[in-house]
Number of protein chains: 2
Amino acid sequence: MITAAKELIKRVVKEVVIDEKFMEMALKEAKRAASDGEVPIGAVLIKGGDVIARDHNRCMQLNDPTAHAEILVIREGGRVLGNYRLPETTLYVTVEPCPMCVGAITQGRIGRLVYGAPEDKMGAVSSKFRLLNDPGLHHRLEVNGGILKRECSEIIQGFFRGRR
Amino acid sequence: MITAAKELIKRVVKEVVIDEKFMEMALKEAKRAASDGEVPIGAVLIKGGDVIARDHNRCMQLNDPTAHAEILVIREGGRVLGNYRLPETTLYVTVEPCPMCVGAITQGRIGRLVYGAPEDKMGAVSSKFRLLNDPGLHHRLEVNGGILKRECSEIIQGFFRGRR
C-alpha cells in the first residue's frame, strides 16, 4: 500500500517536472513575442516527449489575426506529422486560450492542454467561456491550468501595463 | 413618405441581390471542396464590393485542422490588405461558423458576417453557442443568416449522407 502510494507520488512529481520544463520553453517563446512588440504568449506542441512545434503570437508580423501561438503550433504540428488530426499531443500555452484557439484545439483533437495564467476577458476553458464542458463536443481532452501561473501572468500583465 | 419607403425597399432589395451574388460564389467554393473530398463549405471575403479572397475547407489537403474556409479567407485577407485587422469587410460563408471561426472573425474585426445554413452541432452564432452575444466582447458586427439557406444546406447534408 505504502509502495503504491510512493509510486503514485513519484509519477505525479515526474509529470509536474515535465510540465514545468515545457512551460519554461513556452515562456521563452512569450518573451520573444514581447521583444517583437507582439502580445507575449508562447506555445509548445509535444508528442511522445518530443517537441513538434514551438512558436509565439505573431499577428502583427504576419498580418494574420489568427496567428496566435496555439494556432501556429497546431498548424506546424499538422505539417510535421502529416495529418489534420493530432491525437496524443500535448499543447503547452502560457495563457488560457481564447474561443478561436479552444476551437482549434478541439478541431485538431489535441490530447492534452496545459496552460499557465487564467484569462478573465476571453479565456474559453474555465474563465469567461467553458467551451470544453459542452456535452455535445466530439472531443474530450485532459486539461491542466495554473502551471508556472505567476511567471506566465507577470509577462502578459507587464506588457499591457507598458502599453497604457 | 411613400418616396422614403420606396427608397428603403430599393436599398434592401439591392442588398439581398448583392448578398445572394456573393453567396453563390461561396457555394461554388463549397462544390470545389466536395469534389476534393473535403467538408463542402465555402467562403468569400469582400471589401468595398471587391472580392479580397475566396476559398473552401482544405483541412485534409493542407494537413491543417484550422484550414476551414473562413480561416483561409481571413488569413488571405490579412495578407492582401497588409493588416491583421480587417474592418469594413464582409465575410460570406455557406454554413454557420464554428467556435474557432467565430473567434477568428472577432479577432480579425470583420465588419459583417453573412451565412447560409444554420449548423446545429457546432454553430457558434445562433445555434449551439452564441459567442457574439457576449457583453464582454470587444467587437460588434452585423450578422445575416439564412441567405440561400436551402442550397447551402443541401450540399453539406448530401456530403454527410454520402459518407454514411
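Calculation notes
Residues numbered from 1 in each chain as written. Chains lettered and ligands numbered in written order. Predicted model: local features only at pLDDT ≥ 70, side-chain atom pairs only at ≥ 80, totals over all residues. Axes fitted to C-alpha atoms, helices over the stretch in contact; angles between N-to-C directions. Helix = DSSP H or I, 4+ residues; strand = E, 2+ residues; numbered from the N terminus. Parallel < 35°, antiparallel > 145°, perpendicular 65-115°, else oblique. Left-handed = near helix turned anticlockwise from the far one by under 90°. Contact = placed C-beta atoms within 7 Å. Nonpolar A, V, L, I, M, F, W, Y, C, P; charged D, E, K, R; others polar. Buried ≥ 20, exposed ≤ 12 C-beta atoms within 10 Å, placed from the backbone. Pairing = 2+ DSSP bridges. Least-squares fit on C-alpha atoms with pLDDT ≥ 70 in both.

Some words on the packing of helix 3 (residues 69-81) of chain B against helix 4 (residues 99-107) of chain B
All names here are of chain B.
Now for step 1: Between helix 3 and helix 4, whose axes approach to 9 Å, the crossing angle comes to 20°. Taken as axis vectors, helix 3 and helix 4 run roughly parallel relative to one another. In this structure, the crossing between helix 3 and helix 4 has a hand that is left-handed. Side by side, helix 3 and helix 4 meet where Glu70, Ile71 and Ile74 of the first sit next to Cys101, Ala104 and Ile105 of the second.
Now for step 2: Residue composition of the contact of helix 3 with helix 4, by class: five nonpolar, no polar and one charged.

What to know about the pairing of strand 3 (residues 89-95) of chain A
Residues and elements named next belong to chain A.
Now for step 1: In terms of residue burial, strand 3 counts as a mostly covered element, since seven of its seven residues are buried.
Now for step 2: Pairing geometry for strand 1 (residues 42-47) and strand 3, over five bridges, is antiparallel. Bridging from a neighbouring strand, Lys47 pairs with Thr89 of strand 3.
Now for step 3: The sheet contact formed by strand 3 and strand 4 (residues 112-117) spans five bridges and is parallel.

Structural notes on the interface of chain B and chain A
Now for step 1: With 28 residues of chain B in contact, the opposing surface of chain A contributes 28 residues.
Now for step 2: Broken down by element, the side of chain B that touches chain A gets its largest block of residues, six residues, from helix 4 of chain B.

As for the relation of the copies chain B and chain A
Now for step 1: Mapping chain B onto chain A leaves a residual RMSD of 0.0 Å; the transformation is a rotation of 180° accompanied by 0.0 Å of translation along its axis. The superposition of one copy onto the other is thereby described by a two-fold rotation axis. Minimal C-alpha distance to the rotation axis in chain B is attained by Met100 of chain B, lying at 1.9 Å.
Now for step 2: With an isologous cut-off of 70% or more, the 100% of interface residues of chain B that recur at the interface of chain A puts this contact in the isologous class.

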